[in-house]
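Summary of the model geometry
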Amino acid sequence: MNLKSILKVLTLENLDKTPKSFDKGMSHFNKAVQDFGDSMGSMTKELGSDIEKSKKNQKERESINKANLDKIWSKRD
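In what follows, the accompanying structure is described. These numbers were taken from a predicted model, which means no experiment stands behind them.

About the cut-offs
- Residues numbered from 1 in each chain as written.
- Predicted model: local features only at pLDDT ≥ 70, side-chain atom pairs only at ≥ 80, totals over all residues.
- Heavy atoms only, no water.
- Helix = DSSP H or I, 4+ residues; strand = E, 2+ residues; numbered from the N terminus.
- Buried < 20%, exposed > 50% of the residue type's maximum accessible area, 1.4 Å probe, protein only.
- Areas by Shrake-Rupley, 256 points an atom, 1.4 Å probe, with all protein chains shown as cover.
- Salt bridge = Lys/Arg side-chain N within 4 Å of Asp/Glu carboxyl O.

Here we take up the overall build of the protein. Counting its secondary structure elements, the protein contains three helices and zero strands. Counting from the amino terminus, the protein carries its helices and strands in the arrangement α-α-α. Residues counted as buried form 3% of the 77 residues belonging to the protein. About 7500 Å² of surface is accessible on the protein, with carbon and sulfur atoms providing 59% of the total.

Rendered as structure tokens:
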């Protein structure tokens, strides 16, 4: 269902006839939005920790790469 069709169903006449079902629907919708927000928050946190871990490992990789290049160009024994 797209937004236009949902808005057509939610006319004032329909809301007056079924206020309980509308409240129940809005409560489910609210819960779904909150769950989505929680999921996005946890995913953002997870991605942030991966970036931190990657930055930490980057320095170690840089020193290993420099040592290997020095060995290739015979700057180090």
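Read on, since the account is not over.
Taken as a whole, this structure holds two salt bridges when the rule is applied. The salt bridge partner of Asp35 is Lys31, with a shortest N-O separation of 3.0 Å. Separated by four residues within a single helix, Asp35 and Lys31 lie in helix H3 (residues 19-72), roughly one turn from each other. With a relative accessible area of 34%, Asp35 lands in the partly exposed category. In this structure, Asp70 engages Lys66 in a salt bridge whose closest nitrogen and oxygen atoms are separated by 3.3 Å. Placement of both Asp70 and Lys66 in helix H3 is noted, with a separation of four residues, approximately one turn of the helix.

So far we have only geometry, and geometry alone does not tell us how the molecule works.
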